[in-house]
Amino acid sequence: MSYDKNWFKLVLSFRGSVIWDIKYQVAVTMIVATIITVIYEKGGYRGLSQPSLAGLIPGIVLGLLLVFRTNTAYERFWEGWQIAGMTIFTGRNLSRQIWMNIIVKSIEDQEKKAYHLRLIAAFFVAMTQHLRREGVDDRLKSLLAPEHCLQLKNVSNMPLKITQLIGVYLAQQYRQQYIDSIQFAALNRLLDQLVECLSRCERILNAPMPRAYSIHLRHLLILYCFALPFQMVKDLHWWTVAVVGVVAFVLFGIEAIGLEIENPFGYDANDIPLDNLCRKLHNDIEELIAGDDNAIV
């Protein structure tokens, strides 16, 4: 019963749907179908009717192009999810190892370490803002010292700057012999993994589908949908308008889905919930700091 309710709930839901994105394309296609049907039914040029098999080969070709387009976009979306998960995984490991391995000999040392643990959460927030091409927000201000906020406002890559701040802290702890060379190398490897996650996300963001491919696919969609009434009007008459509308809805919808998930780092309902993931990592780090397993020696 629960499955049935969820199924119908999804059917009736418009949040995350591409219906509003394709309404004009479907409307124009149905208007063209209406004009052709009116001409045919009024006894106009009967040569408007074309064999239904005439659209078979173009339909197959168009279907293959749409499948390729959607699969390519979904691969980018899924890779974005994998990178987000890897960022959470690496951030947890880095924060845990910093908290457990770095020696603290004073309250000041402990506060400094807690601050740099929060920089790991700030990295994820800054990466989210960077991928959305936005600047320092209230979340970053709550995690960073004022001087570091000012530094982030003057750089082009905020998350990379945060990794530099963490790296400087780790180098200081190594020089003070609060961690040994093996621990220092392990912590730097985790920091390198965060930079790798950032670079992979930038690759997804800055390498969109080739413009020529997108333009050509839309040209084919329009031509195919405009040609459909000529193949249907003889057999379907006035039903041609409705059937063409449904076909246009399906084809333009598939193309719109590919466009929707091509960049998974925004605010849309179909994008990766980066803000929720940032809060999750921040909460995990705060719970780690709040524990009593890191006493001053």
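Residues numbered from 1 in each chain as written. Predicted model: local features only at pLDDT ≥ 70, side-chain atom pairs only at ≥ 80, totals over all residues. Heavy atoms only, no water.

1. Some remarks on a nonpolar patch on the surface
A contiguous nonpolar surface patch, about 320 Å² in accessible area, is contributed by Val-246, Phe-249, Val-250 and Ile-254. Following the sequence through the fold, Val-246 ends up in helix α10 (residues 239–262). Take Val-246: its relative accessible area is 52%, and that puts it in the exposed class. (Patch = residues over 30% accessible without salt bridge, like charges linked within 9 Å, V, L, I, M, F, W, Y side chains within 5 Å. Areas by Shrake-Rupley, 256 points an atom, 1.4 Å probe, with all protein chains shown as cover. Salt bridge = Lys/Arg side-chain N within 4 Å of Asp/Glu carboxyl O. Helix = DSSP H or I, 4+ residues; strand = E, 2+ residues; numbered from the N terminus. Buried < 20%, exposed > 50% of the residue type's maximum accessible area, 1.4 Å probe, protein only.)

2. Side note on the nonpolar core
Ranked by size, the top nonpolar core spans 56 residues in total, and within it Ile-98 and Leu-140 carry the most contacts. At the level of secondary structure, the elements contributing two or more residues to this core comprise α3 (56–101), α4 (107–131), α5 (138–143), α6 (146–153), α7 (158–175), α8 (181–206) and α11 (274–290). Per-element accounting of this core gives the leading share, 13 residues, to α4. Dropping the residues within four chain positions of it, Leu-140 is found in contact with Ala-122, Val-125, Ala-126, Cys-149, Leu-152 and Met-158. Cys-225, Leu-228, Met-232 and Val-241 belong to the second largest nonpolar core, which has 18 residues in total. (Core = buried A, V, L, I, M, F, W, Y, C linked by side-chain atoms within 4.5 Å. Contact = heavy atoms within 4.5 Å.)

3. Considerations on unusual backbone geometry
Look at Arg-133: it is not a glycine, yet its phi comes out positive at around 60°. Its location among the elements puts Arg-133 in the loop between α4 and α5. The exposure class of Arg-133 is exposed, given its relative accessible area of 61%. Unusually for a residue other than glycine, Gln-177 sits at a positive phi of about 65°. Within the element layout of this structure, Gln-177 appears in the loop between α7 and α8.

4. Focus: the packing of helix α2 (residues 19–41) against helix α9 (residues 211–236)
Packing of α2 against α9 leaves a shortest axis separation of 9 Å and a crossing angle of 35°. In terms of crossing hand, the pair formed by α2 and α9 is right-handed. Contacts from Val-28, Thr-29, Val-32, Ala-33, Ile-36, Thr-37 and Tyr-40 in α2 reach Cys-225, Phe-226, Pro-229, Phe-230, Val-233 and Lys-234 in α9. Taken together, the residues that form the contact of α2 with α9 break down as 10 nonpolar, two polar and one charged. (Axes fitted to C-alpha atoms, helices over the stretch in contact; angles between N-to-C directions. Left-handed = near helix turned anticlockwise from the far one by under 90°. Nonpolar A, V, L, I, M, F, W, Y, C, P; charged D, E, K, R; others polar.)

5. Brief notes about the pattern of salt bridges
Tallying each qualifying case throughout the model produces 10 salt bridges. Residue Asp-284 pairs with Arg-92 through a salt bridge whose shortest N-O separation is 2.9 Å. Of the two residues, Asp-284 sits in helix α11 while Arg-92 sits in helix α3, which places them 192 residues apart along the sequence. By relative accessible area, which is 19% here, Asp-284 ends up buried. Between Arg-139 and Asp-137 there is a salt bridge, with the nearest N and O atoms lying 2.9 Å from each other. Counted as one network, the salt bridges with shared partners bring together Arg-132, Asp-137, Arg-139 and Asp-275.

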